[in-house]
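# Working through the structure, step by step
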Protein chains: 2
Amino acid sequence: MINPILIPELKELIHTQDSETFSKFCQQTHPQTVAELIAGLDSEEIWELLRMLEVPQQAEIFSFLELDKQAELATIHSHREMARLLEEMPPDDRADLVQHLDESLREEILPLVAKAEREDIRKLVSYEEGTAGAVMSTDYAVLRQEMGVLQAIEQLRMQAPGKETIYYVYVVDEARKLIGFVSLKDLIVAKSSETVLDIMHTDIIQGKVSDDQEVIAKLIEKYDLIAIPIVDDKQILVGIVTHDDAMDIIRQEQTEDMEKFMGITGSHEVGDYLKVSSWDHFTKRIYWVVALAVLGLFSGMIIHSFESTLTSLLILALYMPMLADTGGNTGSQSASVVVRALALGQLRPRDFLRVIYKELKISMGIAVVLGILSYLKVVFISRGMEIPVGYSLSRIALVIGLALGIQVVSSTLIGAALPLAAARIKQDPAVVASPALTTIVDITGLLIYFTTARLLLGV
Amino acid sequence: MINPILIPELKELIHTQDSETFSKFCQQTHPQTVAELIAGLDSEEIWELLRMLEVPQQAEIFSFLELDKQAELATIHSHREMARLLEEMPPDDRADLVQHLDESLREEILPLVAKAEREDIRKLVSYEEGTAGAVMSTDYAVLRQEMGVLQAIEQLRMQAPGKETIYYVYVVDEARKLIGFVSLKDLIVAKSSETVLDIMHTDIIQGKVSDDQEVIAKLIEKYDLIAIPIVDDKQILVGIVTHDDAMDIIRQEQTEDMEKFMGITGSHEVGDYLKVSSWDHFTKRIYWVVALAVLGLFSGMIIHSFESTLTSLLILALYMPMLADTGGNTGSQSASVVVRALALGQLRPRDFLRVIYKELKISMGIAVVLGILSYLKVVFISRGMEIPVGYSLSRIALVIGLALGIQVVSSTLIGAALPLAAARIKQDPAVVASPALTTIVDITGLLIYFTTARLLLGV
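Residues numbered from 1 in each chain as written. Chains lettered and ligands numbered in written order. Predicted model: local features only at pLDDT ≥ 70, side-chain atom pairs only at ≥ 80, totals over all residues. Heavy atoms only, no water.

So, on to the confidence of the model for chain A. All names here are of chain A. Of all residues in chain A, 95% attain a pLDDT of 70 or more, and the chain-wide mean is 86. Averaged pLDDT values for the elements of chain A fall to 80 in helix H16 (residues 243-261) and rise to 96 in strand E5 (residues 227-231). Under the prediction, the complex receives an ipTM of 0.72, its pTM being 0.73. (pLDDT = per-residue confidence, 0-100. Helix = DSSP H or I, 4+ residues; strand = E, 2+ residues; numbered from the N terminus.)

Spelled out as structure tokens, the structure:
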């Protein structure tokens, strides 16, 4: 890659108003790289640099800046110039920006935007967040089926500068209804005597404007598409979602899952950790933490009901944490594997019995290993302890080991079952968050522990 | 989408040997869809259907089948026909398949493959798994810089059928050194008098053949690329990685992170949950579980050292689980947020102090809320319990609440610090898995708990 021009050099270009050099540099360099470089300057300086370029090029680089940066820059730019910039920006990026602006600023700039683009913006921001409509671009290339192949390529030549992509082209009728799809590759290799109708695909993979964005991203991923057309309920083509959008959606989705799994609530947006305020971080986490504390009342009450058992054999109290830990670990392991498999489409709720059977085998193996280990642990750690008459350390250790083994099997099965149950009732499996799971297996673990002790030790 | 032809209808096509209908269907339908449909048939039937097509089309559909299915089908196909199929398959998919075959089968088929393709296969399977070399395709389009744009487009017309993509084209010199990049869009909109040299970009975003696949995927994601060229250390072009590969890599990466976070070891491959044997699942999980059990020795020994404290005030034993749970939850929350932020590039190890400061504020808020809640919990749950002379339930509850508050702050900070420390020593932050974290904060939590009790209650 070209040695990036550094901040001091950029400032020099501004000082000498050297638009030629800057312009050439931008021609040669990926707009993402240019955006990264200029983001380090003051807002005023950024505008001075951008003004050296034609508005379309300004818009391209601008749309690669962080959304917060874009909004900040919008506040100091003249409204007219901002309107011109919006007209040239990719439709999906500009819709995102408009939604991000203060309402007062938005209402001052929008009336200055040319009618067609203004209508486009209003339409895109009207779609519900998280749907295909909210992420799509309206800059797609269309052709008519009667066109000859050469005429079609000529059309695309002219349309190219303003389109998100010309590699995938959509064939529509007079009512703008989507009737076919053809790729630029198809057009290039076709015989010049052929028409679009001859070579177009009618089996089109598409999405609805109201579809969840994750559904769209999964389609793009499954069929290795560069873009996917989005239609309304009358089959009218309204936009496209491209492969890069799909990747962003997948990233967002992963963050959401991970956070849900850890009991952190929040919105779809992938907030930047350092930029999100401590207060917002706090509110995202506190709900779950309090909910779990309340749930923890149950474990507290269960322990209390076995107070006599504990008073008789204090040694049992010493190993409660070990039971809790082990249950939490094994349960989380099976839960995360199942959540992942569900997310990747490898499992469906109806696979419930197969999963339980599999996890039963796995957990029994783990239970045997851990049961033996914990027996040895108890015998070793508590070797100096006074044991009440009628009991022996070995017998107690056996009971604890047995209880642990049962706990392992129980928590593994619960960990595997809960995500499947959640999916069955159309809830997000990842919301069976690790913290909730840990609390549940604590409760069941305590019951297993004390019941086993009562039955086999008579306490 | 066209109504997919169902299994009964497919069997009918085989029975009547109706290659024309099947061929037409495949022309119209995305190969992914065809692959899904035929996957439900017997292996023999699948081959009968595929034989109705030209080998290139067979190969395209075949490469969309699951790898296990491909390998199974390879065992019953004649070696010669399999060799022909391999010659037509996309290079990266065929390399994956060849590695997946039994060694004996591989050594019988490969000698029958045409020399050029055989060399290509040997080269691709030689790269280390998880690197760019192991995922790249060798079917890329190249041009010479002297070519006129019309000649270039004509070249691409001819090269198109055999290439992974012709939308991104790479300009090389006689030594096949990568010197430029031009897109099909650039070529289409250029003036016919221009040459490739005039319009090509020299600032090329590229990857090395030894780069980690995640690095490559992140580049594709960052720059919204359709493909990225891969060069060796002499800058010679050796392959390309496409956007769909990038999406697969990101998915794999996410699964790995999630599993590491839950303490499940394993390979890069995203194994299918139901297909991975119970034994393999077991071995993946058992290491961590045993390691944690061993670590749990420490918590066991710590508890034992405070045996006298527990004997004096049994009530303290009853709330150990609550402390463990809370520590595990808050620690996991901060850890997952930090791991995520690191993965998304929002944080770097040097942000350590900023993160600690932020988490300090957040955790103190949570600590206050939980401290109060736990005070109320203890006073409520243990209201009927006999308290030794010299103490009061209220005072004990206060101490427990205080200890819990300190535990919350401590475990949140540990949860945030560990991933950063891991990243600092170039380890994967996600390997600071939730189970390991829980065990660590258990140990620190127990120390906090008993020390606080000793200091403030004199036990």
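This is not the end of the story, as more comes after the structure.
This part is about the sheet that holds strand E1 (residues 140-143) of chain A. Residue and element names in this part refer to chain A. Spatially, 3 strands are ordered E1-E2-E3 in an open sheet, and the strand pairing comes out mixed. Across the chains shown, the open sheet's two edge strands, defined by having one partner strand only, are E1 and strand E3 (178-183). Neighbour-to-neighbour, the strand axes of this sheet turn through a mean angle of 35 degrees, independent of strand direction. Where E1 lies against strand E2 (residues 165-172), 4 bridges are found, and the strand directions are parallel. Across the sheet, tyrosine 140 pairs through a bridge with threonine 165, a residue of E2. Sheet strands touched by helix H12 (residues 149-159): E1 and E2. Its angle to E1, the strand with the most contacts, is close to 155 degrees. (Pairing = 2+ DSSP bridges. Axes fitted to C-alpha atoms, helices over the stretch in contact; angles between N-to-C directions. Contact = heavy atoms within 4.5 Å.)

This paragraph deals with the relation of the copies chain A and chain B. Of the two same-sequence chains, chain A is brought onto chain B (RMSD 0.2 Å, axial shift 0.1 Å) by a rotation of 180 degrees. Taken together, the rotation angle and the small translation identify this as a two-fold axis. Take the interface residues of chain A: 99% of them recur as interface residues in chain B, which is what a same-surface contact looks like. (Least-squares fit on C-alpha atoms with pLDDT ≥ 70 in both.)

A:Leu184, A:Leu187, A:Ile228, A:Ile230, B:Leu184, B:Leu187 and B:Ile230 are the most contacted members of the largest nonpolar core, which totals 111 residues. Once residues lying within four places of it in the same chain are set aside, the contact partners of A:Leu187 are A:Leu143, A:Val149, A:Ala152, A:Ile153, A:Leu156, A:Val182 and A:Ile199. Among the nonpolar cores identified, the runner-up in size contains 88 residues, and A:Val408, A:Ala453, B:Leu318 and B:Met322 belong to it. (Core = buried A, V, L, I, M, F, W, Y, C linked by side-chain atoms within 4.5 Å. Buried < 20%, exposed > 50% of the residue type's maximum accessible area, 1.4 Å probe, protein only.)

Before going further, it helps to spend a moment on the packing of helix H2 (residues 19-28) of chain A against helix H3 (residues 31-38) of chain A. All names here are of chain A. Running from amino to carboxyl end, H2 crosses H3 at an angle of 130 degrees, the nearest separation of the two axes being 8 Å. Classified by the angle their axes make, H2 and H3 are oblique. Of H3, the residues touching H2 (which contributes Phe22, Phe25 and Cys26) are Val34, Leu37 and Ile38. (Parallel < 35°, antiparallel > 145°, perpendicular 65-115°, else oblique.)

Quick look at the pattern of salt bridges now. What the rule picks out here adds up to 22 salt bridges over all chains. Note that A:Lys222 and B:Glu36 form a salt bridge whose closest N and O atoms lie 2.4 Å from each other. Of this pair, A:Lys222 sits in helix H15 (residues 213-222) while B:Glu36 sits in helix H3 (residues 31-38), on two different chains. Owing to a relative accessible area of 40%, B:Glu36 belongs among the partly exposed residues under this scheme. When the shortest N-O distance is used, the salt bridge between B:Asp351 and B:Arg354 registers 4.0 Å. A relative accessible area of 10% places B:Asp351 in the buried class. (Salt bridge = Lys/Arg side-chain N within 4 Å of Asp/Glu carboxyl O.)

Residues B:Lys69, B:Gln70, B:Ala71, B:Leu73 and B:Ala74 constitute the buried set of helix H6 (residues 67-76) of chain B. Buried residues along H6(B) sit against helix H4 (43-50), helix H5 (55-62), helix H7 (79-88), helix H8 (91-100) and helix H9 (103-109) of chain B.

As a further point, take the side chain of A:Arg285. The topology assignment puts A:Arg285 in helix H17 (residues 278-305). A:Arg285 sits in the buried class, given a relative accessible area of 1%. Among the polar contacts listed, one links the side chain of A:Arg285 to the side chain of B:Glu359, at a separation of 2.9 Å. (Polar contact = N/O pair within 3.5 Å; in protein donor to acceptor, adjacent residues only side chain to side chain.)

Time to look at the sheet that holds strand E6 (residues 237-242) of chain A. Residues and elements named next belong to chain A. Strand order in the open sheet formed by 3 strands is E4-E5-E6, and the pairing between neighbours is mixed. Sheet topology places strand E4 (207-208) and E6 at the edges, where each strand pairs with a single neighbour. As paired strands, E4 and E5 are joined by 2 bridges and run parallel to one another. Across the sheet, residue glycine 207 finds its bridge partner in E5, namely isoleucine 230. Taken strand by strand, H15 contacts E4, E5 and E6, and its axis lies near 140 degrees from that of E5.

Here we come to the pairing of E2(A). Residues and elements named next belong to chain A. Within E2, 8 of the 8 residues are buried, which leaves it mostly tucked inside the rest of the structure. With H12 bridging E1 and the parallel E2, this β-α-β connection has right-handed handedness. From the end of E2 to the start of E3, which pair antiparallel, there are 5 residues, and arginine 176 there has a positive phi angle of about 70 degrees. (Right-handed = clockwise from strand over helix to strand, strands pointing away.)

Time to look at the interface of chain A and chain B. For an interface, size is often stated in terms of accessible area lost upon the parts coming together. Of the residues lining the interface, 122 residues belong to chain A; the matching set on chain B comes to 121 residues. Counting the surface lost from both chain A and chain B, the interface buries some 11300 Å², and carbon and sulfur atoms represent 65% of this. Between the two partners, chain A and chain B, sit 6 salt bridges. For the interface between chain A and chain B, the tally reads 28 residue pairs in polar contact (both at pLDDT 80 or more). The dominant element in the side of chain A that touches chain B, judged by the number of residues it contributes, is H17(A), at 16 residues. Of the residues assigned to the side of chain A that touches chain B, the class counts are 62 nonpolar, 34 polar and 26 charged. (Buried area = accessible area lost by both parts, 1.4 Å probe. Nonpolar A, V, L, I, M, F, W, Y, C, P; charged D, E, K, R; others polar.)

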